[in-house]
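# Structural characterization, general
Now for the letters of each chain:
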Amino acid sequence: KNQVEQSPQSLIILEGKNCTLQCNYTVSPFSNLRWYKQDTGRGPVSLTIMTFSENTKSNGRYTATLDADTKQSSLHITASQLSDSASYICVVSDQTGANNLFFGTGTRLTVIP
Amino acid sequence: GAGVSQSPSNKVTEKGKDVELRCDPISGHTALYWYRQSLGQGLEFLIYFQGNSAPDKSGLPSDRFSAERTGGSVSTLTIQRTQQEDSAVYLCASSFIPGQGNYGYTFGSGTRLTVV
């Protein structure tokens, strides 16, 4: 069964600190993995997208890693800011067709001053 | 338009009433998706359009839910005889090439539906 699991479910960190969010998946055959940021009351916004051959991709203070062998991905946030408070959703696509997105339930990050 | 536009942003309706939710995708995006996000839950797929046709409507939870897309652009999700369990955020996304390569999905801000 194709699944995407994220951890932790929620996280509180101090402003300026780093954090790492985890995503494990069983989706096969794998096509790509995306990390989205969803602010409260808003739709998800894409942060990174990685294919099988990519191990790491950065977008400003966000760095995503992918280990396609162990089917794990992480999203590392450096020098967190209050505006990083949001839900971070891991989305994995398979190769079977057009409607092929599998969503994690997200990690709720709260950055406090 | 510049992004995916959804309306209304918030909708409160009485149980048993019908509601229509609208999605205006990015111009030129051929694929359009509807998802439902309940409190504390992940996104739940409802229906997918390629052009005006819906190759996959397997996620519609009951026959009270229907959707259409006209002109390969605007889509409307209709919920008839709303129930309290229909309360959720309904998100629409569009993409140029569905699910392929590095083409991302762009989401709208959603419609928050509350059935009282």
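Anything mentioned here points back to the structure above.
Read on for an overview of the structure. All of these numbers come straight from a predicted model, not from anything done at the bench. Residue positions are given per chain, counting from 1 as you read along its sequence in written order. Lettering for chains starts from A, numbering for ligands starts from 1, and both go in the order in which the items are written. Reporting of local features is limited, given that this is a predicted model, to residues whose pLDDT is at least 70; pairs of side-chain atoms are given and counted only at 80 or more, and all residues count toward the totals for whole chains, interfaces and linings. Each side-chain value is worked out from all heavy atoms of the structure, with water and hydrogens disregarded.

In this section: the overall build of chain A. Scanning chain A for helices and strands turns up 0 helices and 11 strands. Secondary structure elements follow DSSP: runs of H or I of four or more residues count as helices, runs of E of two or more count as strands, with numbering from the N terminus. Helices and strands appear in chain A in the N-to-C order β-β-β-β-β-β-β-β-β-β-β. Taking 2.2 N^0.38 as the reference for a compact globule, 113 residues should give roughly 13 Å; the C-alpha atoms of chain A span a radius of gyration of 14 Å, in line with that estimate. Principal-axis analysis of the C-alpha atoms places the extent of chain A at approximately 45 × 30 × 20 Å. Contacts were defined at the residue level, with two residues in contact if any of their heavy atoms lie within 4.5 Å. Long-range contacts, defined as pairs at least 24 residues apart, comprise 56% of the intrachain contacts of chain A with a sequence gap of at least 6. What sets the accessible areas is the Shrake-Rupley method with a 1.4 Å probe; for residues, cover comes only from the shown protein chains. Looking at chain A as shown, the accessible area adds up to about 5,300 Å², and 49% of this sits on carbon and sulfur atoms. Within this scheme the basic residues Lys and Arg register as positive and the acidic residues Asp and Glu register as negative, but His and the chain ends are omitted. The atoms used to mark charge sites are NZ of Lys, CZ of Arg, CG of Asp and CD of Glu. Each charge class in chain A can be summarised by its mean position, and for the 9 positive and 8 negative side chains these summaries are 6 Å apart. Atoms counted for the radius of gyration: C-alpha only. Globule rule: 2.2 Å times the number of residues to the power 0.38.

Before going further, it helps to spend a moment on the state of the cysteines. A pair of sulfur atoms, both from cysteines and within 2.5 Å, is called a disulfide here. Tallied over the entire structure, the rule returns 2 disulfides over all chains. In this model, Cys23 of chain A is linked to Cys90 of chain A through a disulfide, with the two sulfur atoms separated by 2.0 Å. Judged by the sign of its S-S torsion, about -70°, the bond between Cys23 of chain A and Cys90 of chain A is left-handed. Taken together, the residues span a long stretch of sequence, with Cys23 of chain A in strand 3 (residues 19-25) and Cys90 of chain A in strand 9 (residues 86-94) at a distance of 67 residues. Only protein chains enter the accessibility calculation, which uses a 1.4 Å probe; a residue is then buried when its area is under 20% of its type maximum, exposed when over 50%, and partly exposed in between. A relative accessible area of 0% places Cys23 of chain A in the buried class. Among the residues examined, Cys90 of chain A registers a relative accessible area of 0% and is labelled buried. Cys23 of chain B shares a disulfide with Cys92 of chain B; S-S distance 1.8 Å. Between Cys23 of chain B and Cys92 of chain B, the disulfide has an S-S torsion of -65° and is therefore left-handed. One end of the pair, Cys23 of chain B, is in strand 3 (residues 19-24); the other, Cys92 of chain B, is in strand 9 (residues 88-95), and 69 residues separate them in sequence.

Here the focus is the environment of Leu109 of chain A. Residue and element names in this part refer to chain A. Structurally, Leu109 can be placed in strand 11 (residues 107-112). Judged by relative accessible area, Leu109 falls into the buried class, the value being 0%. Measuring from C-alpha to C-alpha, the distance between Leu109 and Met50 comes to 22 Å, with 59 residues separating the pair along the chain.

Right, let's talk about the sheet that holds strand 8 (residues 72-77) of chain A for a bit. All names here are of chain A. Strands were regarded as paired on the criterion that DSSP finds at least two bridges between them. Spatial ordering of the open sheet is given by 1-3-8-7-6, a layout of 5 strands whose pairing is antiparallel. Since the sheet does not close on itself, it has two edges, and those belong to strand 1 (4-7) and strand 6 (56-59), each with one partner. Looking at each pair of strands side by side, their axes are set apart by 15° on average, direction ignored. Relative to strand 7 (residues 62-67), strand 6 is paired through 4 bridges, and the arrangement is antiparallel. The residue of strand 7 that forms the bridge with Lys57 is Ala64. A fitted line through C-alpha atoms represents every axis, and for helices the fit uses only the stretch in contact; the resulting angles, taken between N-to-C directions, go from 0 to 180 degrees.

Now for the nonpolar core. Residues belong to one nonpolar core when they are buried, are Ala, Val, Leu, Ile, Met, Phe, Trp, Tyr or Cys, and are joined through side-chain atoms within 4.5 Å. One finds Tyr25, Leu33, Trp35, Leu75, Tyr88 and Val92 of chain A to be the most contacted residues of the largest nonpolar core, which totals 24 residues. Contributing elements (two or more residues each) for this core: strand 3, strand 4 (30-38), strand 5 (45-51), strand 7, strand 8, strand 9 and strand 11 of chain A.

Another point: the pattern of salt bridges. Where charged atoms of side chains with opposite charge meet at close range, the side chains can pair. All names here are of chain A. In the sections that follow, a salt bridge refers to a side-chain nitrogen of Lys or Arg positioned within 4 Å of a carboxyl oxygen of Asp or Glu. A full pass over the atoms with the stated rule returns 6 salt bridges over all chains. Lys37 is the salt-bridge partner of Asp39, the closest N and O atoms lying 3.9 Å from each other. The class of Asp39 is partly exposed, set by a relative accessible area of 31%.

This paragraph deals with the packing of aromatic side chains. Residue and element names in this part refer to chain A. Only Phe, Tyr and Trp rings are paired, with Trp represented by its six-membered ring, and only when their centres lie within 6.5 Å; those with planes under 30 degrees apart are stacked, over 60 edge-to-face, the remainder tilted. With the rule as written, the count across this model stands at 9 aromatic pairs over all chains. Summarising the aromatic geometry, the rings of Tyr25 and Phe30 are spaced 5.2 Å apart at their centres and angled 25° between planes, so their arrangement reads as stacked. Phe30 matches Tyr25 in its accessibility class, with the two residues each being buried. Plain terms: the ring middles of Tyr62 and Tyr88 are 6.1 Å apart, the flat faces sit at 45° to each other, and that makes the pair tilted. With Tyr62 in strand 7 and Tyr88 in strand 9, this pair connects stretches of sequence that are 26 residues apart. Tyr88 gets classed as buried once you look at its relative accessible area, which sits at 0%.

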